[in-house]
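For reference, the chains in residue letters:
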Amino acid sequence: MDETNPPADSGLAEPAGGRGRALLVLALAALVAVTVVYGLRQAPPEDPRWLLWAGAALAGLGLLALYALLAGVLRPGSGKSERQFLDGLASAVGHPLVVTAADGRALYANAAYHALVKRAGAGRLVPMDVLFTPYAEFAGPIYQLAQAVAAGRRETRELRVAEGSAAPCADPVRPVWIRLSAAPMQVGHRTLRLWELEDISGERARQEQSFARLQFIITYLDNAPVGFFSTLADGRVDYVNATLAQWLGMDLSDLEGARLTLDRLLGPAAARLVSGVAPKPRGAATESFGIDLRNPGTGKLFPAQIIHHVDFDAEGRASPARTIVVPRQLAGAETSAPRLARFVNNAPIGIAEIDKDGTIRTANTAFIDLSPKLRRGAMIAAAVAAPEREALTQALAAALAGEASQRQFEATLEGGNPRSVLFTFTRLSEDDHAAVVFAVDKTENKSLAVQLAQSQKLMAVGQLASGIAHDFNNVLTPIIGFADLLLAKMRPTDPAFADVMNIKQNANRAANLVRQLLAFSRKQTLQPKVHALTEALSDLGNLLGRVLGEKVGLKIAHERDLGLVMVDIHQFEQVIINLAVNARDAMPNGGTLTVRTYNLGVDASRAVMPSLMPPGEYVVCEVEDTGTGIPKEIRDKIWEPFFSTKDVGKGTGLGLSTVYGIVKQTGGFIFCDSEVGKGTVFRIYLPRYYPQRAGEAPVEEKPAEPPKRDYTGKERILLVEDEDAVRAFALRALASRGYTVVEANSGEAAIEKIDADAKGFDLIISDVVMPEMDGPTLLRELRKRGIATKFVFVSGYPGEQFEQDLEGQTGFSFMPKPFSLKQLVEKVKEAMES
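None of the values given here were measured: they were computed from a predicted structure.

## Remarks on the confidence of the model for the protein
Of the residues in the protein, 77% have a pLDDT of 70 or more, and the chain-wide mean is 79. Below pLDDT 50 for its whole length, residues 1-18 participates in 28 contacts with residues either more than four positions away or in separate chains.

## Points about the sheet that holds strand β24 (residues 740-744)
Pairing is parallel across the open sheet formed by five strands, whose spatial order is β24-β23-β25-β26-β27. Strand pairing shows two members of the sheet lacking a second neighbour, β24 and β27 (812-816), which therefore form its edges. Each strand axis lies, on average, 20° off the axis of its neighbour in the sheet, ignoring direction. Docked against the sheet, helix α24 (residues 775-784) engages β23 (716-720), β25 (763-767), β26 (790-795) and β27, running at close to 170° with respect to β26.

## Focus on the pattern of salt bridges
Across all of its chains, the model carries 34 salt bridges by this definition. Its salt-bridge partner being R272, residue D369 comes within 2.4 Å of it at the nearest N-O pair. Separated by 97 residues along the polypeptide, D369 in the loop between α14 (365-368) and α15 (389-400) and R272 in helix α11 (residues 268-275) bring together distant segments of the chain. For D369, a relative accessible area of 36% translates into the label partly exposed. Its relative accessible area of 34% is what places R272 among the partly exposed residues.

## Quick look at unusual backbone geometry
Residue P818 is bonded to the preceding K817 through a cis peptide linkage, with omega at -5°. Here P818 is to be found in the loop between β27 and α26 (821-833). The phi angle at R282 is positive, at roughly 60°, despite the residue not being glycine. Residue placement: R282 occurs in the loop between α11 and β8 (284-294). Owing to a relative accessible area of 70%, R282 belongs among the exposed residues under this scheme. Positive phi is not limited to glycine here, since E772 has a value of about 65°. Residue placement: E772 occurs in the loop between β25 and α24. We classify E772 as exposed; its relative accessible area is 75%.

Conventions and cut-offs
- Residues numbered from 1 in each chain as written.
- Predicted model: local features only at pLDDT ≥ 70, side-chain atom pairs only at ≥ 80, totals over all residues.
- Heavy atoms only, no water.
- pLDDT = per-residue confidence, 0-100.
- Contact = heavy atoms within 4.5 Å.
- Pairing = 2+ DSSP bridges.
- Helix = DSSP H or I, 4+ residues; strand = E, 2+ residues; numbered from the N terminus.
- Axes fitted to C-alpha atoms, helices over the stretch in contact; angles between N-to-C directions.
- Salt bridge = Lys/Arg side-chain N within 4 Å of Asp/Glu carboxyl O.
- Buried < 20%, exposed > 50% of the residue type's maximum accessible area, 1.4 Å probe, protein only.

Structure, rendered in structure tokens:
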């Protein structure tokens, strides 16, 4: 029978068991035949036994035929029956199908496919890929299916055949949707391919009707008289109806594909209010809120009542939420109740309703914002630190029992950054077993209270320092100055040279102690300039190495392109040295001190200490040691003046106080992070400085070796000083450099000297604080007379205290006491040349 013409070979292989039984039957038949032939040849023809042998042969063949029939080797009429069964099964499928060999030959097709081949005008049975080759719309799908089935995969493609198409499956009056499929099939050892073509126009029509119905419903929802939106669990809004979009001034076309969030749709406060419900495994929550929505385009608010529903699965995960938005005027008249709800939701303090079990029934945005654990449906005690929960429960019970009109309780909230909150409980009514709680965040107030206490300490020490600074520095100035004069006349080999040097060194130590007091109280005179910390710390490296000693290693690491800062570099060096000394003392057995610098951007700065440090660009200097660490109980005391953990006589307690004062006076911030047994890190945050923004030239590199200067001169100087010892030192120091010095012991005496002198003066050096007429008054008086002589003010008080009195005046500079001989002549030369 020809395989390419119907009826075609089914291609089904003989089962392996049938082939075995057939071989067995043939073997038995051959054995019977050999036995009969052998017997017949042994018996002569006239011998009647040959008839017995012939009968035996026939009986044997009969038994073999019976065995073959029972074993299925002989199946009378089976081929026709199987063919009818296969044709009936293929016809029952209804749609055309064809089975092809691996080489593409068509092996079998049902009647529907034969009809399709006949409609196409093909003279013989051809495979489906050949049948549809002439039609362009089938080229792509047929090729893709052929590739897939060749790779052993089943694939399906759907396509639309236009009305009037020449394809054999087309309809002349309507378009037809068909589904083509190809799948590999294994029959015995042969790999065949099954191709099918199915008309799915009815299925497509039903889908289109369902889609049209859905679009109809969506149109109704879009144009409903109320707003509607749905929200996913991650806060993304996946649907907004046209009504709500119009109220909020949003374009629906702009929202398609965009990541619209609940924050953007309702505003951050309303979004937190809506999503602030505690998860309920296998539960649901339906709530109503009165909120104010804002139209971003016009900026106008429109009051609305929203009804929010969310379901939770068995693990408490939120399903997509559905929310209805009703304008207040549609919800009813603007009565007192909705207005009061709006006031509560927009209140700056937390307000919530708590039932007798401590469960939060309702809460406004401010209450929810206090802690991630404060959610509607959650227990209020769960958000409070464990040691305070019992006291909170007692306060709530007392309020519900009516023991007092109000019960207050201050607690620390957990979750996120710890916050200190003052709760005030009050009962609603005797009949309602619920209480209203008002929550006021006291975290910032406590921080301000700590800062106020620190400022008061600063003020007390500052008053003390300012009170003694003038007199103390007036005593130290001549000691240091006359020591310099003696040393200038002595050689290092002189017997008294070491004694005089000790006098000067101890006087400098006393002066440094006064500077530390002034630094802590932020009343010292700073001379800030633009610096790069990279250069400053490199210069300080050698000194730090000597301060730390041999047991402590030093590492300095700088970030590339480190920003500039505006600091008094000498005071900043004092900060690093003080921190290094403390670190050395914390590592008695040795360790490592690491000083690193890096830039900090605006976004990163927000996470440092939001309540104390405003966001901005900073240059950070970290000083980290591997020492014993600072216990938590004394960490808040380390900035206090005279607080020290060292033995008596081994520290003044002003080291970190000085550091704190200098950093704060510079405009920066310093924080400590320490763990006992692991070490301590001090982080200094200095505002980054941009010279271009301030209209200044970029900072220039300082020369490696400054040129030597001549500090002698021939100018005439008027020296005004009420302290005889200071005046005597300054007179001798300046005269030794060639200047002509006229002295006066008060402001009035200075005016008399000026009036009596016909030559005039090139420079006036004046003390600030003097009896009767002080230095600033002397400057103003001379300016009134038209005398523009330059001034150098000297004082034991900080310079900022008198500079405010000289606002609008020019031609003066300041030099703090105590000063050395070198500092005096340098300042005079600087003033002369300015």
